[in-house]
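Observations on the model geometry
Residues per chain are reported as follows:
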Amino acid sequence: MHNEKTNIGDTCSASVGRGASYDEAMSLHGTYQIVCHDKFGDIKWVDVIGNLVTTVGKNSTMDTMLGNVAVGAVVMGLKGTGTALVTDTQASHTWLEVGLANAPTYSGSRKTPVFGAASAGAKSTSTPVVFTMTGSGTVAGCFINLGGSATIDNTTGVLFSAGDFTAGSKTVTSGDTLSVSYTATAA
């Protein structure tokens, strides 16, 4: 005779999560779009910079928005060779600003971008910022300064953003114009 045994069991488990949270993050990014025209108005090159927003730029943005602090002047400049770092400040960075003591030069001072109203988490210049080159040389990228001076090479204010051309530094000659558009996006 053969005996068979079958053991039947049932297991059930449940868990409850308490103190769960919902995290929402925001990051701030900027994009420069640059078009270089020669003195005849023909396009020489186009580039886009996916820049970094510096730590001091992020801090200034939060202080301004949450602390109701006036920013002051917003100006845009051109940077020379050297890598932009998130730890850069207007007074301390490894790259040189072009336009005055460092070639190439351009007419006037740092330029003042005009921004349209923010929409869908983004804020863009309403028209391109134009740099008219008065000398020849190499431009590596762009930067934006908050609350500083329009004077080229001035180290006051907050370095909000900086970035380099995606395809490397660009050569410009006297008579060229750089038309720079900028968009800041909060994601």
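Predicted model, so just to flag it, every value in this text is computed and none were measured.

Digging into the overall build of the protein
If you tally the helices and strands in the protein, you get 1 helix and 11 strands. Going residue by residue from the N terminus, the α and β elements of the protein occur as β-β-α-β-β-β-β-β-β-β-β-β. Within the protein, the proportion of its 187 residues that are buried is 35%. The long-range fraction of contacts in the protein, counting pairs at least 24 apart against all pairs at least 6 apart in sequence, stands at 73%. Here the protein displays about 10,700 Å² of accessible surface, and carbon together with sulfur accounts for 55% of that area.

Regarding the environment of Asn145
Among the structural elements, Asn145 can be located in strand β8 (residues 141–146). Separated by 68 residues in sequence, Asn145 and Gly77 have C-alpha atoms that sit 8.0 Å apart. For Asn145, the contacting residues outside a window of four places in its chain are Ala73, Val74, Val75, Gln90, Arg110, Thr156, Gly157, Val158 and Phe160. Within the local environment of Asn145, its side chain forms a polar contact with the side chain of Gln90, the two groups lying 3.0 Å apart.

Topic: the pairing of β8
Each regular strand displays side chains that alternate between the two surfaces of the sheet. Counting buried positions along β8 gives 6 out of 6 residues, so the element sits mostly inside the fold. Here β8 shows a buried face lined by Gly141, Phe143 and Asn145 and a second buried face lined by Cys142, Ile144 and Leu146. Summarising the sheet, strand β3 (residues 74–79) and β8 pair through 6 bridges and their orientation is antiparallel. Bridge pairing in β8 links Leu78 to Cys142. Inspection of the sheet shows β8 paired to strand β9 (residues 158–164) by 6 bridges, in the antiparallel sense. Each residue of the ladder has a partner; that of Cys142, found in β9, is Gly163.

As for the confidence of the model for the protein
Predicted coordinates in areas of low pLDDT are best not read in detail. Confidence in the prediction for the protein averages 83 pLDDT; 82% of positions are at 70 or higher. By mean pLDDT, the top-scoring element of the protein is strand β6 (residues 129–132) (98), and the lowest-scoring one is helix α1 (residues 55–67) (69). Every residue in residues 4–24 is under pLDDT 50, and counting partners more than four places away or in other chains gives 0 contacts.

Some points on the nonpolar core
Tyr32, Ile34, Leu78, Phe131 and Leu178 are the most contacted members of the largest nonpolar core, which has 26 residues in total. When residues of this core are traced back to their parent elements, those giving at least two are β1 (28–37), β2 (43–53), β3, β6, β8 and β11 (177–186). Once residues within four sequence positions are removed from consideration, Leu78 is found in contact with Glu97, Val98, Tyr106, Phe131, Met133, Val139, Gly141, Cys142, Phe143 and Leu178. One finds Ala84, Trp95, Phe143 and Ala162 within the second-largest nonpolar core, a separate group that totals 5 residues.

Some words on the pattern of salt bridges
Scanning the entire structure with this criterion turns up 4 salt bridges. In this structure, Lys170 and Asp47 form a salt bridge, with 3.4 Å as the shortest nitrogen-oxygen distance. Here Asp47 lies in strand β2 and Lys170 lies in strand β10 (residues 170–172), a separation of 123 residues in the sequence. You'll find Lys170 and Asp47 in the same group, each marked buried. As a salt-bridge pair, Lys79 and Asp164 come within 2.5 Å of each other at their nearest N and O atoms. On the criterion of sequence distance, the pair formed by Lys79 in strand β3 and Asp164 in strand β9 is long-range, its members being 85 residues apart. According to the relative accessible area criterion, Asp164 is partly exposed, its value standing at 29%.

Scoring rules and cut-offs
- Residues numbered from 1 in each chain as written.
- Predicted model: local features only at pLDDT ≥ 70, side-chain atom pairs only at ≥ 80, totals over all residues.
- Heavy atoms only, no water.
- Helix = DSSP H or I, 4+ residues; strand = E, 2+ residues; numbered from the N terminus.
- Buried < 20%, exposed > 50% of the residue type's maximum accessible area, 1.4 Å probe, protein only.
- Contact = heavy atoms within 4.5 Å.
- Areas by Shrake-Rupley, 256 points an atom, 1.4 Å probe, with all protein chains shown as cover.
- Polar contact = N/O pair within 3.5 Å; in protein donor to acceptor, adjacent residues only side chain to side chain.
- Pairing = 2+ DSSP bridges.
- pLDDT = per-residue confidence, 0-100.
- Core = buried A, V, L, I, M, F, W, Y, C linked by side-chain atoms within 4.5 Å.
- Salt bridge = Lys/Arg side-chain N within 4 Å of Asp/Glu carboxyl O.

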